Protein chains: 2
Amino acid sequence: MHKLYLMTRSEENYIKTIFHLGRKGTQEVATNAIAELMETKPSSVTDMIKKLSEKNLVNYKRYQGVSLTSLGTKTALGIIRKHRLWEVFLVEKLDFSWDEVHEVAEQLEHIKSDKLIDSLDRLLAFPKFDPHGDPIPDKNGGFKERDRDLLSEVPINTVGVCVGVKDSSATFLKFLDKNGIALGNQIRVKEREEFDGSLNIEIDGRNLQISHVIAANLYIKTNDEI
Amino acid sequence: MHKLYLMTRSEENYIKTIFHLGRKGTQEVATNAIAELMETKPSSVTDMIKKLSEKNLVNYKRYQGVSLTSLGTKTALGIIRKHRLWEVFLVEKLDFSWDEVHEVAEQLEHIKSDKLIDSLDRLLAFPKFDPHGDPIPDKNGGFKERDRDLLSEVPINTVGVCVGVKDSSATFLKFLDKNGIALGNQIRVKEREEFDGSLNIEIDGRNLQISHVIAANLYIKTNDEI
DNA sequence: ACAAATTTTTAGATTTGCCTAAAATTTAAT
DNA sequence: ATTAAATTTTAGGCAAATCTAAAAATTTGT
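Residues numbered from 1 in each chain as written. Chains lettered and ligands numbered in written order. Predicted model: local features only at pLDDT ≥ 70, side-chain atom pairs only at ≥ 80, totals over all residues. Heavy atoms only, no water.

A.B. asks: Explanation requested: the overall build of chain A in the structure shown.
C.D. replies: When you go through chain A residue by residue, the secondary structure sums to eight helices and eight strands. Oriented by its inertia axes, the alpha-carbon framework of chain A measures out at about 55 × 40 × 35 Å. Evaluated residue by residue, chain A yields a buried proportion of 45% over its 226 residues. A sequence separation of at least 24 residues applies to 61% of the contacts in chain A between residues at least 6 apart. Here chain A has roughly 12,100 Å² of accessible surface; of this, 50% comes from carbon and sulfur atoms. (Helix = DSSP H or I, 4+ residues; strand = E, 2+ residues; numbered from the N terminus. Buried < 20%, exposed > 50% of the residue type's maximum accessible area, 1.4 Å probe, protein only. Contact = heavy atoms within 4.5 Å. Areas by Shrake-Rupley, 256 points an atom, 1.4 Å probe, with all protein chains shown as cover.)

So this is what it looks like as structure tokens:
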């Protein structure tokens, strides 16, 4: 039950990775996929999966991939809660930019103290989203995905607010900074170029031309939904 | 030079322990002393000392004890700076009590990010002392011990302000809380019982009888010094 | 369906940090 | 000054987490 507190850093990182991969496809997560994302070898993944399986954190049958148990999911949500709360802290209280927070939050997310994280939550006034627009699970692991659409998939003339990024790599985030794109910006899709899928948008008054790749990594919340 | 960033958690803990033991006696630090404080075995200490020695963090000759090099000292001060800044953060921003901060700070002190710690320093308005009255090294490792005396050693009728504790165990700190003793309290030594060394003091207006052991773990800053 | 390609697992090593037990060295005592 | 006691180091092992290379199972292609 409270084994959560006995987990090693490595175990926590595996659980987190399996959670993220499990979100995307609804399938079981492949050993190779975990290895690739964690920059380790498949054989190492197999070893760890066996260990996690014995701790009842994952469901595992040889050669059949892996999925989180409810205990594993709860654990993952706890780690993600910590990661995202620390990201908010770094941006709001320590003036980090959104491309600088991930690396440090990767370390901070492993600090063990319920009191610490709940106090941090309170200090930050219980934020619901992190600096990249991703939802922050509450104390019990509950969280709501925000209604949002990829900019690349909304019809022409859609109006909305930029509420998140799909890719939160430093490279992409710095690009957005350079082009004055930030969460909270008002966006209108003016034109879509059929040839390459690039978009002509109006963002906070300015006009901007963005490629399909960029648009496919920006989330907006539209106004015209019920 | 920048090997500081390649240190493991365990290496950092040894360096910190050697620093603390080195402060007390001016001697070389004994293997057994390190083992006892870290709750490990002398043989493990020897192993680690060899490793630290190869990294130029400690001076070591077999059977002759160990001392920090200047690089080792710098490293230790960096860790202590982080530890104490995090303690201030926990008390000032997250409403931890002074007996709760140590355990969590032991974890936080190993987070690696210069930007993080310097921003934290700024957020806290560059504090000079931690919640137990211990000095916080600055960015370059410089710090000044405050002029202070153990309450057990000042003459009768000395007046001063409580500025620190020698023992900062949770047990002692909770005892102080229970008896309404805190940093900043105004203290006057009224009487010293020869038989057992206990003291009769006036603290923020109240009268209090404290044992020698308690007095020997409380620092005051007196007014009558040059 | 069956061979080829891919994925996954096993087997055997390595590194880090720790352990126990025994040997080496230093310190203390008579 | 020797012996006894304490300290410290060495030797050999163990568990965690990783790796390489090889074997096993699954999936794919025709």
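A.B. asks: What exactly am I supposed to notice about the relation of the copies chain A and chain B here?
C.D. replies: Each of the two chain copies can be generated from the other by rotation about an axis followed by a shift along it. Once chain A has been moved 0.0 Å along the axis and rotated by 180 degrees, it coincides with chain B to within an RMSD of 0.0 Å. Such a turn and shift between the copies fits a two-fold axis. Nearest to the rotation axis, the C-alpha of L108 of chain A is located 3.8 Å from it, this being the minimum over chain A. The fraction of interface residues of chain A whose copies in chain B are also interface residues reaches 100%, indicating that both copies meet through the same surface. (Least-squares fit on C-alpha atoms with pLDDT ≥ 70 in both.)

A.B. asks: Teacher, can you tell me more about the nonpolar core here?
C.D. replies: Nonpolar side chains in soluble globular proteins tend to end up buried together. Counting residues in hydrophobic clusters, the biggest one holds 33 residues, and the most contacted among them are W86 and F89 of chain A together with W86 and F89 of chain B. Apart from the residues lying within four places of it in its own chain, the contact partners of W86 of chain B are W86 and L108 of chain A together with A105, L108, E109, L116, I117 and L120 of chain B. (Core = buried A, V, L, I, M, F, W, Y, C linked by side-chain atoms within 4.5 Å.)

A.B. asks: I tried to follow the protein's contact with DNA strand C on my own but got confused; where do I start?
C.D. replies: Near DNA strand C lie 20 residues; those nearest to it are K50 and Y60 of chain A together with T40, S44 and K51 of chain B. The contact atoms of DNA strand C, taken as those within 4 Å of the protein, divide so that sugar and phosphate hold 77%. In this structure, a phosphate oxygen belonging to DNA strand C sits 3.3 Å away from a side-chain N or O atom of S10 of chain B. Mapped onto the surface near DNA strand C, the elements with two or more residues apiece are α2 (31-38) and α3 (42-54) of chain A together with α1 (9-24) and α3 (42-54) of chain B. Its residues placed into classes, the surface near DNA strand C shows six nonpolar, nine polar and five charged. (Near = heavy atom within 4 Å. Polar contact = N/O pair within 3.5 Å; in protein donor to acceptor, adjacent residues only side chain to side chain. Nonpolar A, V, L, I, M, F, W, Y, C, P; charged D, E, K, R; others polar.)

A.B. asks: How should the sheet that holds strand β7 (residues 206-210) of chain A be read in this particular structure?
C.D. replies: The strands that make up a sheet are held in pairs by hydrogen bonds between backbone atoms, and each pair lies either parallel or antiparallel. Residue and element names in this part refer to chain A. The six strands are arranged β3-β8-β4-β5-β6-β7 in an open sheet whose pairing can be described as antiparallel. Edge strands, defined here as strands with exactly one partner in the open sheet, are β3 (149-150) and β7. In this structure, strand β6 (residues 199-203) lies alongside β7, joined through five bridges in antiparallel fashion. The residue of β7 that forms the bridge with I203 is R206. (Pairing = 2+ DSSP bridges.)

A.B. asks: Explain the pairing of strand β4 (residues 159-165) of chain A here, please?
C.D. replies: Consecutive side chains of a regular strand alternate in pointing toward one face of the sheet and then the other. Residues and elements named next belong to chain A. The element β4 is extensively covered by neighbouring structure, given that five of its seven residues are classed as buried. Where β4 meets strand β5 (residues 186-192), three bridges bridge the pair, whose relative direction is antiparallel. When the bridges of β5 are listed, V159 appears paired with R188.

A.B. asks: Mind showing me how you'd approach the pattern of salt bridges here?
C.D. replies: If charged atoms from side chains of opposite charge come close, those side chains can pair. Counted according to the given criterion, the structure contains 27 salt bridges over all chains. With a shortest N-O distance of 3.5 Å, E202 of chain B and R188 of chain B are connected by a salt bridge. Of this pair, E202 of chain B sits in strand β6 (residues 199-203) while R188 of chain B sits in strand β5 (residues 186-192), placing them 14 residues apart in sequence. What makes E202 of chain B partly exposed here is its relative accessible area of 29%. Taking the relative accessible area as the measure of exposure, R188 of chain B reaches 28% and is therefore partly exposed. One salt-bridge network, held together by shared partners, links R81, D118, D121 and K139 of chain A. (Salt bridge = Lys/Arg side-chain N within 4 Å of Asp/Glu carboxyl O.)

A.B. asks: Honestly, the environment of G142 of chain B in this entry has me stumped. Any pointers?
C.D. replies: All names here are of chain B. Relative to the assigned elements, G142 resides in the loop between α6 (114-123) and β3 (149-150). A relative accessible area of 32% places G142 in the partly exposed class. As for G142 and R81, which are separated by 61 residues in sequence, their C-alpha atoms are 9.9 Å apart. With sequence-adjacent residues up to four places away left out, G142 is seen in contact with I136 and P137.

A.B. asks: In this structure, what is going on with the packing of α2 of chain A against α3 of chain A? I would like to understand it.
C.D. replies: The packing of two helices is summarised by the inter-axis angle and the distance between the axes. Residues and elements named next belong to chain A. Packing of α2 against α3 brings their axes to within 8 Å, and their N-to-C directions diverge by 110 degrees. One element, α2, and the other, α3, form an angle in the roughly perpendicular class. As for the relative orientation of α2 and α3, their crossing is right-handed in sense. Residues T31, N32, I34 and A35 of α2 lie in contact with α3, whose contacting residues are P42, V45, T46 and I49. Tallied by class, residues from the contact of α2 with α3 come to five nonpolar, three polar and no charged. (Axes fitted to C-alpha atoms, helices over the stretch in contact; angles between N-to-C directions. Parallel < 35°, antiparallel > 145°, perpendicular 65-115°, else oblique. Left-handed = near helix turned anticlockwise from the far one by under 90°.)

A.B. asks: Is there a simple way to think about a negative patch on the surface in this case?
C.D. replies: All names here are of chain A. Together, E191, E193, E194 and D196 give the surface a local cluster of negative charge. Its place among the elements puts E193 in the loop between β5 and β6. Residue E193 is classed as partly exposed on the basis of its relative accessible area of 41%. (Patch = residues over 30% accessible without salt bridge, like charges linked within 9 Å, V, L, I, M, F, W, Y side chains within 5 Å. Lys, Arg positive; Asp, Glu negative; His and termini not counted. Charge placed at Lys NZ, Arg CZ, Asp CG, Glu CD.)

A.B. asks: Quick question: what am I supposed to make of the interface of chain A and chain B here?
C.D. replies: By a widespread convention, an interface's size corresponds to the accessible area lost as its parts come together. In this assembly, 22 residues from chain A lie in contact with 22 residues from chain B. In this assembly, chain A packs against chain B so that about 1,700 Å² is buried in total across both faces, 67% of it on carbon and sulfur atoms. Per-residue buried area on chain A facing chain B is highest for L94, Q107 and K115 of chain A; these three make up 27% of the total on that side. Inspection of the chain A/chain B interface yields four salt bridges. The salt bridge partner of R122 of chain A is D95 of chain B, with a shortest N-O separation of 3.6 Å. Elements with a contribution of two residues or more to the side of chain A that touches chain B: α4 (70-92), α5 (101-108) and α6 (114-123) of chain A. Among the elements that line the side of chain A that touches chain B, the one with the most residues is α6 of chain A, at six residues. When its residues are assigned to classes, the side of chain A that touches chain B shows eleven nonpolar, four polar and seven charged. (Buried area = accessible area lost by both parts, 1.4 Å probe.)

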